[in-house]
Amino acid sequence: DAIWFGDRNARLAAIPEIMRFKYTRPLLALMDAAEEDEALVPVVISTLAVLQDPRARFWLGDLASEPGNPHQQAAAAALARIGKSAMVPLRDCLTSEDRSTREIAGRALAGSAGSAELTFVYDYLEQYPDDDPAVLEGLRQRCGLLERALQVVDEKLSETGEPEI
(Lines give C-alpha, C1' and ligand atoms only; values in the text may rest on other atoms or scores of the structure.)
Protein backbone atom coordinates (compact mmCIF):
# COMPACT_ATOMS: atom_id res chain seq x y z
CA ASP A 1 0.00 0.00 0.00
CA ALA A 2 2.95 2.34 0.60
CA ILE A 3 3.64 2.48 -3.15
CA TRP A 4 0.04 3.21 -4.05
CA PHE A 5 -0.90 5.60 -1.27
CA GLY A 6 2.24 6.57 0.61
CA ASP A 7 4.25 9.74 0.50
CA ARG A 8 7.83 9.89 -0.81
CA ASN A 9 9.35 8.57 2.41
CA ALA A 10 6.92 5.64 2.59
CA ARG A 11 7.64 4.78 -1.02
CA LEU A 12 11.39 5.02 -0.52
CA ALA A 13 11.06 2.67 2.46
CA ALA A 14 8.94 0.16 0.53
CA ILE A 15 10.94 0.02 -2.70
CA PRO A 16 13.98 -1.83 -1.27
CA GLU A 17 11.63 -4.52 0.03
CA ILE A 18 10.09 -4.87 -3.41
CA MET A 19 13.57 -5.39 -4.83
CA ARG A 20 14.62 -7.77 -2.07
CA PHE A 21 11.64 -10.04 -2.63
CA LYS A 22 11.57 -9.46 -6.42
CA TYR A 23 7.90 -8.64 -6.07
CA THR A 24 6.57 -7.60 -9.49
CA ARG A 25 2.91 -7.04 -8.66
CA PRO A 26 3.29 -3.28 -7.97
CA LEU A 27 5.15 -2.70 -11.23
CA LEU A 28 2.61 -0.22 -12.61
CA ALA A 29 2.33 1.50 -9.24
CA LEU A 30 6.11 1.99 -9.17
CA MET A 31 6.07 3.69 -12.55
CA ASP A 32 3.06 5.80 -11.57
CA ALA A 33 4.84 6.87 -8.38
CA ALA A 34 7.85 7.95 -10.46
CA GLU A 35 5.59 9.94 -12.75
CA GLU A 36 4.10 11.69 -9.72
CA ASP A 37 7.42 12.37 -8.00
CA GLU A 38 10.52 13.06 -10.13
CA ALA A 39 12.79 12.29 -7.17
CA LEU A 40 11.64 8.65 -7.30
CA VAL A 41 12.59 8.11 -10.95
CA PRO A 42 16.20 6.94 -10.38
CA VAL A 43 15.12 4.57 -7.62
CA VAL A 44 12.29 3.16 -9.72
CA ILE A 45 14.56 2.67 -12.73
CA SER A 46 17.03 0.76 -10.56
CA THR A 47 14.22 -1.32 -9.12
CA LEU A 48 12.85 -2.17 -12.55
CA ALA A 49 16.32 -3.27 -13.64
CA VAL A 50 16.58 -5.58 -10.63
CA LEU A 51 13.08 -6.98 -11.11
CA GLN A 52 13.83 -7.66 -14.80
CA ASP A 53 10.17 -7.68 -15.71
CA PRO A 54 9.77 -7.08 -19.46
CA ARG A 55 6.51 -5.20 -18.88
CA ALA A 56 8.64 -2.25 -17.76
CA ARG A 57 10.00 -1.88 -21.31
CA PHE A 58 7.32 0.57 -22.37
CA TRP A 59 7.95 3.11 -19.61
CA LEU A 60 11.71 2.63 -19.72
CA GLY A 61 11.63 2.80 -23.51
CA ASP A 62 9.90 6.18 -23.36
CA LEU A 63 12.61 7.50 -21.02
CA ALA A 64 15.43 6.02 -23.12
CA SER A 65 14.11 7.45 -26.38
CA GLU A 66 13.48 10.99 -25.12
CA PRO A 67 16.45 13.19 -26.10
CA GLY A 68 17.80 15.19 -23.19
CA ASN A 69 15.92 13.23 -20.55
CA PRO A 70 18.15 13.20 -17.45
CA HIS A 71 17.25 9.53 -16.90
CA GLN A 72 17.87 8.42 -20.48
CA GLN A 73 21.12 6.57 -19.81
CA ALA A 74 19.83 4.80 -16.69
CA ALA A 75 16.68 3.73 -18.55
CA ALA A 76 18.75 2.35 -21.44
CA ALA A 77 20.94 0.41 -19.01
CA ALA A 78 17.84 -0.99 -17.29
CA LEU A 79 16.42 -2.12 -20.63
CA ALA A 80 19.70 -3.85 -21.42
CA ARG A 81 19.67 -5.60 -18.05
CA ILE A 82 16.10 -6.79 -18.52
CA GLY A 83 16.95 -8.17 -21.97
CA LYS A 84 14.69 -10.13 -24.31
CA SER A 85 11.69 -8.03 -25.38
CA ALA A 86 13.12 -5.03 -23.53
CA MET A 87 15.82 -4.87 -26.21
CA VAL A 88 13.26 -3.67 -28.77
CA PRO A 89 13.18 -0.06 -27.48
CA LEU A 90 17.00 -0.01 -27.51
CA ARG A 91 17.06 -1.22 -31.09
CA ASP A 92 14.58 1.54 -31.95
CA CYS A 93 16.83 4.12 -30.29
CA LEU A 94 19.67 3.13 -32.64
CA THR A 95 17.74 4.78 -35.46
CA SER A 96 16.92 8.00 -33.61
CA GLU A 97 17.64 11.28 -35.33
CA ASP A 98 19.25 12.37 -32.07
CA ARG A 99 22.91 11.35 -31.95
CA SER A 100 23.05 11.27 -28.16
CA THR A 101 20.06 8.90 -28.03
CA ARG A 102 21.72 6.58 -30.54
CA GLU A 103 24.98 6.61 -28.62
CA ILE A 104 23.29 5.90 -25.29
CA ALA A 105 21.50 2.94 -26.84
CA GLY A 106 24.75 1.81 -28.44
CA ARG A 107 26.56 1.89 -25.10
CA ALA A 108 23.82 -0.20 -23.51
CA LEU A 109 23.81 -2.69 -26.38
CA ALA A 110 27.61 -2.98 -26.46
CA GLY A 111 27.41 -5.01 -23.28
CA SER A 112 24.14 -6.81 -23.83
CA ALA A 113 23.26 -7.30 -27.50
CA GLY A 114 22.43 -10.84 -28.51
CA SER A 115 22.22 -12.48 -31.89
CA ALA A 116 18.73 -11.00 -32.38
CA GLU A 117 20.26 -7.52 -32.35
CA LEU A 118 23.08 -8.19 -34.82
CA THR A 119 21.26 -6.89 -37.89
CA PHE A 120 20.19 -3.73 -36.07
CA VAL A 121 23.70 -3.09 -34.78
CA TYR A 122 25.26 -3.65 -38.20
CA ASP A 123 22.73 -1.24 -39.73
CA TYR A 124 23.60 1.34 -37.08
CA LEU A 125 27.33 0.95 -37.71
CA GLU A 126 26.79 1.46 -41.42
CA GLN A 127 24.35 4.38 -41.16
CA TYR A 128 26.11 6.40 -38.46
CA PRO A 129 29.88 6.03 -38.92
CA ASP A 130 30.50 9.49 -37.40
CA ASP A 131 28.98 8.68 -33.99
CA ASP A 132 31.23 8.32 -30.93
CA PRO A 133 34.18 6.10 -31.95
CA ALA A 134 34.19 4.38 -28.56
CA VAL A 135 30.54 3.38 -28.96
CA LEU A 136 31.16 2.15 -32.50
CA GLU A 137 34.18 0.12 -31.40
CA GLY A 138 32.30 -1.39 -28.46
CA LEU A 139 29.54 -2.49 -30.79
CA ARG A 140 32.01 -3.91 -33.31
CA GLN A 141 33.63 -5.93 -30.53
CA ARG A 142 30.25 -7.21 -29.35
CA CYS A 143 29.34 -8.22 -32.90
CA GLY A 144 32.66 -10.03 -33.23
CA LEU A 145 31.99 -11.99 -30.04
CA LEU A 146 28.50 -12.90 -31.20
CA GLU A 147 29.70 -13.91 -34.65
CA ARG A 148 32.38 -16.16 -33.14
CA ALA A 149 29.84 -17.73 -30.77
CA LEU A 150 27.44 -18.37 -33.64
CA GLN A 151 30.25 -19.91 -35.67
CA VAL A 152 31.11 -22.30 -32.81
CA VAL A 153 27.45 -23.31 -32.53
CA ASP A 154 27.25 -23.87 -36.29
CA GLU A 155 30.39 -26.02 -36.19
CA LYS A 156 29.01 -28.11 -33.32
CA LEU A 157 25.71 -28.56 -35.14
CA SER A 158 27.44 -29.57 -38.37
CA GLU A 159 29.43 -32.19 -36.45
CA THR A 160 26.21 -33.71 -35.13
CA GLY A 161 24.38 -33.51 -38.45
CA GLU A 162 21.91 -30.96 -37.12
CA PRO A 163 20.88 -28.13 -39.46
CA GLU A 164 23.04 -25.01 -39.07
CA ILE A 165 21.56 -21.84 -37.64
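Residues numbered from 1 in each chain as written. Predicted model: local features only at pLDDT ≥ 70, side-chain atom pairs only at ≥ 80, totals over all residues. Heavy atoms only, no water.

Chemist: So what's going on with the overall build of the protein? Which residues, and what values?
Modeler: From N to C terminus, the protein includes 10 helices and 0 strands. Its helices and strands taken in sequence order, the protein reads α-α-α-α-α-α-α-α-α-α from the N to the C terminus. Counting only C-alpha atoms and orienting by the principal axes, one finds that the protein spans roughly 60 × 40 × 20 Å. When burial is assessed residue by residue, the protein has 44% of its 165 residues classed as buried. In the protein, the proportion of contacts linking residues at least 24 apart, taken out of those at least 6 apart, comes to 55%. Within the structure as shown, the protein displays about 9,200 Å² of accessible surface, and the carbon and sulfur contribution to it stands at 52%. Within the protein, the 28 negative side-chain charges are centred at a point lying 6 Å from the centre of the 17 positive side-chain charges. (Helix = DSSP H or I, 4+ residues; strand = E, 2+ residues; numbered from the N terminus. Buried < 20%, exposed > 50% of the residue type's maximum accessible area, 1.4 Å probe, protein only. Contact = heavy atoms within 4.5 Å. Areas by Shrake-Rupley, 256 points an atom, 1.4 Å probe, with all protein chains shown as cover. Lys, Arg positive; Asp, Glu negative; His and termini not counted. Charge placed at Lys NZ, Arg CZ, Asp CG, Glu CD.)

Chemist: Go over the packing of helix α4 (residues 41-51) against helix α5 (residues 57-65) with me, naming the residues and quoting the values.
Modeler: Two numbers describe how α4 lies on α5: the axes approach to 11 Å, and their chain directions differ by 125°. The orientation of α4 with respect to α5, classified from their angle, is oblique. Crossing of α4 against α5: the hand is left-handed. Touching Val41, Val44, Ile45 and Leu48 of α4 are Trp59, Leu60 and Leu63, all from α5. Of the residues that constitute the contact of α4 with α5, the class distribution is 7 nonpolar, no polar and no charged. (Axes fitted to C-alpha atoms, helices over the stretch in contact; angles between N-to-C directions. Parallel < 35°, antiparallel > 145°, perpendicular 65-115°, else oblique. Left-handed = near helix turned anticlockwise from the far one by under 90°. Nonpolar A, V, L, I, M, F, W, Y, C, P; charged D, E, K, R; others polar.)

Chemist: Can you explain the pattern of salt bridges? Please cite residues and give values.
Modeler: Enumeration according to the criterion identifies 10 salt bridges in this entry. In this structure, Arg20 engages Glu17 in a salt bridge whose closest nitrogen and oxygen atoms are separated by 2.7 Å. Remark: Glu17 and Arg20 occur in helix α2 (residues 8-20); sequence separation between them is 3 residues, near one turn of the helix. For Glu17, a relative accessible area of 36% corresponds to the partly exposed category. With a shortest N-O distance of 3.8 Å, Arg140 and Glu137 are connected by a salt bridge. Here Glu137 and Arg140 lie together in helix α10 (residues 133-160), a separation of 3 residues that amounts to about one turn. (Salt bridge = Lys/Arg side-chain N within 4 Å of Asp/Glu carboxyl O.)

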